[in-house]
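Observations on the model geometry
What follows is each chain in one-letter form.
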Amino acid sequence: MTASTFRRYGLGLLGLVLLVLPSRLCAQDYEVPTVTDTYALQNARVVQAPGQVLESATVVVRDGVIEAVGDDAEVPYDARTIEADSLVVYAGFIDGFSHAGVEMPDTEDEDVEDPGNPPPDAAGIQPDRSVRPFLSPEESDLKSLREAGFTLGHVAPEGQMLPGASAHVFYGGETADDMVLETSPTLFAQLQTANGYVYPATDMAVIAQMRQLFREAERRQQLDAAYERDPTGRSQPPQDPEHSALFPVLDGETPLAFYADEALSLHRILALHQELDFPLVLAGLGEGHELVSTLQGVDAPFFLTLDLPEEPTRSSGPDTTMADTTSAPSQYYSPEFKAPSYETVAEEEANLELRHAMERQAYLKTAATLHEAGLTFGFTTREADPGDVRSTLRTMIEQGLPEETALAALTTRPAAQLGLDNRLGTVEEGKIANLVVTDGPYFGEGTSVQHVFVDGRLYDYSSDGGDTGEVSGDVSAVLGTWSYTLETPQGDLSGEVTIEGGPSGLDGTFTGPQGDEQPLRSVSFDGTTLSFTVDSPQGGSVSVSVTVEGDTFDGSASTSGGSFPISGERTSSPNATQK
Amino acid sequence: MLSPSRPRPLSVSAGLTLLVALLLTLPAHAQKQPGYQGPFALTNAQVIVAPGDTLDRGTVVVQGDSIAAVGPDVSVPSDAQAFDLSGQRVYPGFIDSGTHLGLAEIGSLPETQDFNEVGNLTAHMNALAAVNPSTVHVPTTRVHGITSVITEPENGILPGTSALIGLHGYTPEQMHLGDVTLTKLNFPSVGRQGPSDDRSPETIQTEAEKALSKLNELWSEAKRYARIDSAVAEQPEARRQPEFVPAMEGLLPVIRGEQPLMISANAAADISTALDWAEERGVLDQVILSGALEGWRVADEIATADVPVLVGSIMQPPSRESDRYDKAYRTPALLHDAGVTVALRSGKTENVRNLVFHAGFAAAHGLGKTEALRAITTNPARIFGVADQVGTIEAGKRANLFVANGDPLQPATDVQHLFIDGYKLPLENRATKLYDEFLNRNPGLTK
C-alpha cells in the first residue's frame, strides 16, 4: 500500500478497525424506531410569534403539523409527552440563505479547449441545475445548524456565477426526499469568476456575461413566441437549458438570489438589478452598513450574514480594544497621527488598534444600523460558523438590535420574505411543526437548545449536557494543533488534533488520516492527562486518553475493537504562532 | 431466512418423479416405517415416574397421544401392543432448553443457517416459522431420549421468539408444544468480555452505559407503542392505528405480561445488570435467564430474584483463566445449591443428543443424578409452563417417554423404544444408517 492510497483509505481503515468485531458493537449500534409521530409539549412557555407569548400552554404536534396550541389543548392518546414546564417553545428558525445539507461532487479540473469561449459549465453557468440531487440529511453543517435551532432554509447549490436553482429545505429528515419543501423558489447568482484560467475570469466579465445571458434569453423567448404563433417559414428557435432556465426570471416569476458581503459587489449587483430589472433576493450584506441609503431604495428581501469579524489576536494576546461609542469619546482614532520617531511606535500601534476596533464596531452594529434605517431583513448562515450563531445574535442585540426584531428575523420575517408565512414562522395551529425548544430565553447566555422539531420529527438534544469534560490545570499545556500517529494492526494512521477553549471548557476537532474532520466530545484535562472521545463516521467511537508532556503526548486510543497506542507532537500553539 | 443464493426447489413434477424413483429403487434406504400410535403397554419395566420417584416394576399404558395409566398393577388393554421390558427402564422424554434444532442443517453452508437474521431489532421473527420438521438432526437427537427442545433465534439484541417443539411432526404447528413462545433478549454486554477484550475500563463503562440507555429507550418506546395500541383498541373507530413497527409489535406480548422474556446473558456483571434492569421495568416475574455460565458468581442474586435459569452449554472451559477447570460443569450444581431452579441447554444443532452427557457431567460435578434428571425433565416443564403435559410419566400427560437398557446419562446405554405424543417412533437415523452400511462394507477394504 502506497502512502497516497493510505491517505485515501486511511479513515476507512480506522472505520474497519472499529468494525472488526461487530458482535461487540451490535448490541448498541441500532436506531430505536419511533413509534409515534404525535408529540405533546406540556405546560411550556410558548413564544407564538415575537411579542406574542403564552405563559403556560400545551403544543400538540401530529403528522408534521401543529395540531393545537393553548392552555386547554388536549393531549392525544397517541402522544409522546414532553414535560416542558421549564422550557420555552419558539417557532423553528428559518435560514434566509445557505448551502446547508449540500454535498457537491468533487469536480476534476478539465482542460478547456478555448478558455476564451468555454462551455457553460466550465464558465460556471449552470442555472439549469437544481440543488435537489446534492442534498444529504447527513451533512455536518445541516446538523449543527439544526442544533442551533434552524429548521428550514433557502438552500442553493455551490458553484460560480450561476450555480443553479435553490430549494426550501428542511434541516432534517431521514432521506433527501424528506428535506424538500419546495423546489426552485430562486436561482442562485453571485459575482464569482470561473474556476481556473477560463472566461469569465474577472468581475467585469461576470457582469458582462450576466448581461449577455439575459439579452440572449430575451431574444430566444421572442423567437419561441413567434415560432409558436406561426412556425411556417421559420427555422426552429435555438434551445439550450442554460437560457431556458432564465425564462422564469425574465418573466418576473423567479428571483435571482445574489449573495455578496462586500459593499462594492453589492453596488455592482444593485446596478445590474436596475439595468436588467429582474426580481432580486439579496443575501450577505456584511458591509450593508456602508450602503444603507441605497438599500432603502431597493425592493428585495434581504438576508443579513450571521458572520461577524473575529477579535484580532496580537503578540500580547487577544486584542480587547473596544471602540468608544459614547458621544464624547475619551479616545478616538486620529487619521492624521504619524509616529514621529521609533520611540512613539507604541502610540501608533495603539492608534491602529483603536482604528481596527472602530472598524469592527461598524460591522458588529450592522444589524442595528439596518434596523434603525427601517430595513427589514432575515439572516443567512452561509458564512457563519453554526456554533457561533447564538453568540453572534447576542452581540447584535448588545449593539442595539431589539430582541424581538432578532427573533422576527429568525422566524416571521424570513417566512414572509420566502413566501412561506402561511405555513411557517409562528407557533400556531395548522403551521408546519418546525419548533425550537430551549431551557430559557434563546438569546440568554446559559440557555441551551433541548429539542428541535423539523417537519414534526423530533431531534432530542436534552441529554447532550453531559458531553463536556472536566477541565483543571493549565490549559495552555494542551491548546493548539497536534499531529498524532495511531498504531493499528493495519499500519500507522496519522492526522491532526486541534484543542481549543479555555479553563471553562475545552473542545476541538479531530482530523482523520483522510482529512475528514470530527468534533471532539467530552474533552477533559487535569494538568497532565488529556482525554476525549471522537465519533467515527462509520459508527462507533474512539476514546483517547493521553499524557501530555511538554509538546508531546503519549497514550492509547480505545475502540470497542481494542486499544491502540497513540502518540503526538504539538505543531502549533496559540501562544507561539500568530495568524 | 431465504437467502437469494439458495437453490430453487425442484419443480413439482420433477420432484414427484424423483420421489417415485426413490420409492421404487431404494426402499431399503428409506425409513422403514413411519411412527404409529398404540395403544401400547410397557410391562415389567422399572418406571422412572419422575426424577426421585421410581416404580420398581410396573406397567405404562399409552393410549392415543397420552399416558392412560401407570402403576404396578395396571391391567393391559386387550388391543394393546405389549412390550415385556424386564430389566429395562422407562423414562419421561428429555427436554433441551436451548438449541437451534430445525433452524440449521449444515454448519458450513450459510444457506442452511436460519437462526441468524440480519439486524438488531427483529423481535417479530418467530423461530417456529422457520423450523424444518424434516431436518436430519431430529431423528439423530431422538436416539438419546430427547423428545422436546427449545429452538431459538440468535442474532441481534432482540432476535425474535424461541419456541418449544416436540421432536415429531411434519409441520411446525404439529411440533409446537403447549404454544410455548419466549421472546429472546440478548442482553447487551456491560463488562469485560474475556481475556482478548483489551478495552480500557473507561471505554467499557461508556459503551456499557450507552448500550443500556439504548435498551432503556427501546423499552420505553415499546411501552409507548403498547399504550397507543391499547388506546386504539378501546375506540377503534375514533382512533387510528399507530404506524406498524414490527419489532415493537413483536414485543407487545411481553410488555403486556403475556409472554416470558428469555434473557441471554453469561458474564456475571451482565446477569446482575439484567436482573436489576428487569426489576426496574417490572418484568422480573416473566424473566427466564439463558446461558448464565458465570451465574455461580451471582447465584444468590439470581435466587433472590427467583428467576429460573437455562444453563449451558456447560461443556466448555471456564470463562476466566483464573477459574477452576471444571467451573462450567459445576455451574448447575452451584446454582442449584443457591436455590435456583435449573434446566440444562446444549446450545447445539447437530449434537443436541449430547444433552444427556451434559446432564451426566453436571450430575458428576455436584448436581447429583436426580437433580440432573430434573434439569432435563420436570424443571424445564415447569419453567415453560407445560408441567401438566410433559416431564413425568403420569396418567393424562402426553406420552413422551422412552425405554432404555440402563442409565440414560451413561454413554453405554441404549434407547430401545421412544414415544412422542403416543407415536412409537423408529430410532434409526442418518448415523445408524451409516453405521449399518459401513459395518457391512462389501467388498470391504481387502485390496
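Basis of the calculations
Residues numbered from 1 in each chain as written. Chains lettered and ligands numbered in written order. Predicted model: local features only at pLDDT ≥ 70, side-chain atom pairs only at ≥ 80, totals over all residues. Heavy atoms only, no water. Phe/Tyr/Trp six-rings, centres within 6.5 Å; stacked < 30°, edge-to-face > 60°. Buried < 20%, exposed > 50% of the residue type's maximum accessible area, 1.4 Å probe, protein only. Lys NZ or Arg CZ within 6 Å of the ring centre and 35° of its normal. Contact = heavy atoms within 4.5 Å. Buried area = accessible area lost by both parts, 1.4 Å probe. Salt bridge = Lys/Arg side-chain N within 4 Å of Asp/Glu carboxyl O. Polar contact = N/O pair within 3.5 Å; in protein donor to acceptor, adjacent residues only side chain to side chain. Helix = DSSP H or I, 4+ residues; strand = E, 2+ residues; numbered from the N terminus. Pairing = 2+ DSSP bridges. Axes fitted to C-alpha atoms, helices over the stretch in contact; angles between N-to-C directions.

Description of the packing of aromatic side chains
- Within this structure, the stated rule accounts for 21 aromatic pairs over all chains.
- Here the aromatic rings of A:Tyr442 and A:Phe443 are separated by 5.4 Å at their centres, their planes lie at 85°, and the arrangement is edge-to-face.
- On the basis of relative accessibility, which here comes to 9%, the residue A:Phe443 falls in the buried class.
- One aromatic cluster in this structure is built from A:Tyr90, A:Phe93, A:Phe150, A:Tyr442 and A:Phe443.
- One Lys or Arg, A:Arg382, reaches over the ring of A:Tyr259 and ends 4.3 Å from the middle of that ring.
- The cationic tip of B:Lys214 hangs over the ring face of A:Tyr30; the distance from NZ or CZ to the ring centre is 5.2 Å.

Let's talk about the interface of chain A and chain B
- In this assembly, 27 residues from chain A lie in contact with 31 residues from chain B.
- For the pair chain A and chain B, the summed buried area comes to about 2600 Å², and 50% of that belongs to carbon and sulfur atoms.
- Where chain A packs against chain B, one counts three salt bridges.
- Here B:Glu221 and A:Arg80 are joined by a salt bridge, their closest N and O atoms 3.8 Å apart.
- Across the contact surface, chain A and chain B share six residue pairs in polar contact (both at pLDDT 80 or more).
- Elements with a contribution of two residues or more to the side of chain A that touches chain B: helix H2 (22–26), strand S25 (552–559) and strand S26 (562–572) of chain A.

Some points on the pattern of salt bridges
- Scanning all chains against the criterion turns up 35 salt bridges over all chains.
- In this structure, A:Arg268 and A:Asp203 form a salt bridge, with 3.3 Å as the shortest nitrogen-oxygen distance. Here A:Arg268 is found in helix H9 (residues 263–276), whereas its partner A:Asp203 is found in helix H6 (residues 203–229), with 65 residues between them in sequence.
- The exposure class assigned to A:Arg268 is partly exposed, which follows from its relative accessible area of 34%.
- Overlapping salt bridges, with partners in common, bring together A:Arg62, A:Asp63, A:Glu67, A:Asp78 and B:Arg240 in one network.

Notes on the sheet that holds strand S12 (residues 302–305) of chain A
Residues and elements named next belong to chain A.
- If you trace the eight strands from one edge of the open sheet to the other, you get S6-S7-S8-S9-S10-S11-S12-S15, paired in mixed fashion. Looking at the sheet topology across the chains shown, the edges are occupied by strand S6 (93–98) and strand S15 (377–380). On average, adjacent strands in this sheet sit at an angle of 30° to one another, irrespective of strand direction.
- Relative to strand S10 (residues 256–260), strand S9 (residues 180–189) runs parallel, the two sharing three bridges. Bridge pairing in S10 links Phe 188 to Ala 257.

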